[in-house]
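Single-letter residue listing:
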Amino acid sequence: AQSVTQLGSHVSVSEGALVLLRCNYSSSVPPYLFWYVQYPNQGLQLLLKYTSAATLVKGINGFEAEFKKSETSFHLTKPSAHMSDAAEYFCAVSEGSGGYQKVTFGTGTKLQVIP
Amino acid sequence: DTGVSQDPRHKITKRGQNVTFRCDPISEHNRLYWYRQTLGQGPEFLTYFQNEAQLEKSRLLSDRFSAERPKGSFSTLEIQRTEQGDSAMYLCASSFRDGNQPQHFGDGTRLSIL
């Protein structure tokens, strides 16, 4: 069965510092991987997705993630944090067969950006 | 693309009452999903539809919960005889059929049980 582990439920960074949010996955087949962002009282917005093409995936708002099969990881990074990046981030894995994508989400990491 | 729309955004009700939520997906999407999200957790899958057919239901979806998508467009999620533990954010998402297409989420309905 597929699963996702997000290391660190809370991460604090200074404005302008590197953002690194960790995600490890477990999947019995080559996975699809996603990062979503959620602002308070809103739904989830897709940041980026990995679907077995390039291992370095660029997303919106300057975020990117690297798929490392040997480490079963899909960590999210951004070179320089902005105040507007403060939100909760969810890593998700999908291993759908026959076109159906059952998606399993991690428990989320809240990012705090300190001015 | 008007996005996924959910109504109401907030619902406060007394324990034991029935509630119904509505989701309007992105019009081109033929898949629709319902999730439940509690504080400090990621979304948990409840059920999904392909067009009007409900193809999978989670064990989380007790017999007090029922979901419909009668014409393959909007969907409703009804909770009967609500309990305190039903308090959560209920999220709807939609997607194209292809397996690698991401799900697009609405802003959710926050349910509070008094």
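What you see is a predicted model, and the numbers here were worked out from it, not measured in a lab.

*Asks:* Talk me through the state of the cysteines; I want residue IDs and the actual numbers.
*Replies:* Scanning the entire structure with this criterion turns up two disulfides over all chains. In this model, Cys23(A) is linked to Cys91(A) through a disulfide, with the two sulfur atoms separated by 2.0 Å. Taking the torsion about the sulfur-sulfur bond, which here is approximately -65°, the covalent link between Cys23(A) and Cys91(A) counts as left-handed. You can see Cys23(A) sitting in strand 3 (residues 19–26) and its partner Cys91(A) sitting in strand 9 (residues 87–94), a full 68 residues away along the chain. When sorted by exposure, Cys23(A) lands in the same class as Cys91(A), which is buried. Here Cys23(B) connects covalently by a disulfide to Cys92(B), the sulfurs 1.9 Å from one another. Handedness of the Cys23(B)-Cys92(B) disulfide follows from its S-S torsion of about -70°: it is left-handed. In this pair, Cys23(B) sits in strand 3 (residues 19–24) while Cys92(B) sits in strand 9 (residues 88–95), placing the two residues 69 residues apart along the sequence. With respect to class, Cys23(B) is no different from Cys92(B); both count as buried.

Cut-offs and rules
- Here the residue numbering is sequential within each chain, running from 1 through the sequence in written order.
- Chain letters start at A and ligand numbers start at 1, both assigned in the order the entries are written.
- Local features in this predicted model are restricted to residues whose pLDDT is 70 or higher, and side-chain atom pairs enter the listing and the counts only when it is 80 or higher, whereas totals over whole chains, interfaces and linings include all residues.
- As a convention, hydrogens and water are excluded, and side-chain values are obtained from all of the structure's heavy atoms.
- Defined by distance alone, a disulfide is two cysteine sulfur atoms within 2.5 Å.
- A run of H or I in DSSP becomes a helix once it reaches four residues, and a run of E becomes a strand once it reaches two; helices and strands are each numbered from the N terminus.
- Accessible area is worked out with a 1.4 Å probe on protein chains only. A residue is then buried under 20% of its type maximum, exposed over 50%, and partly exposed in between.

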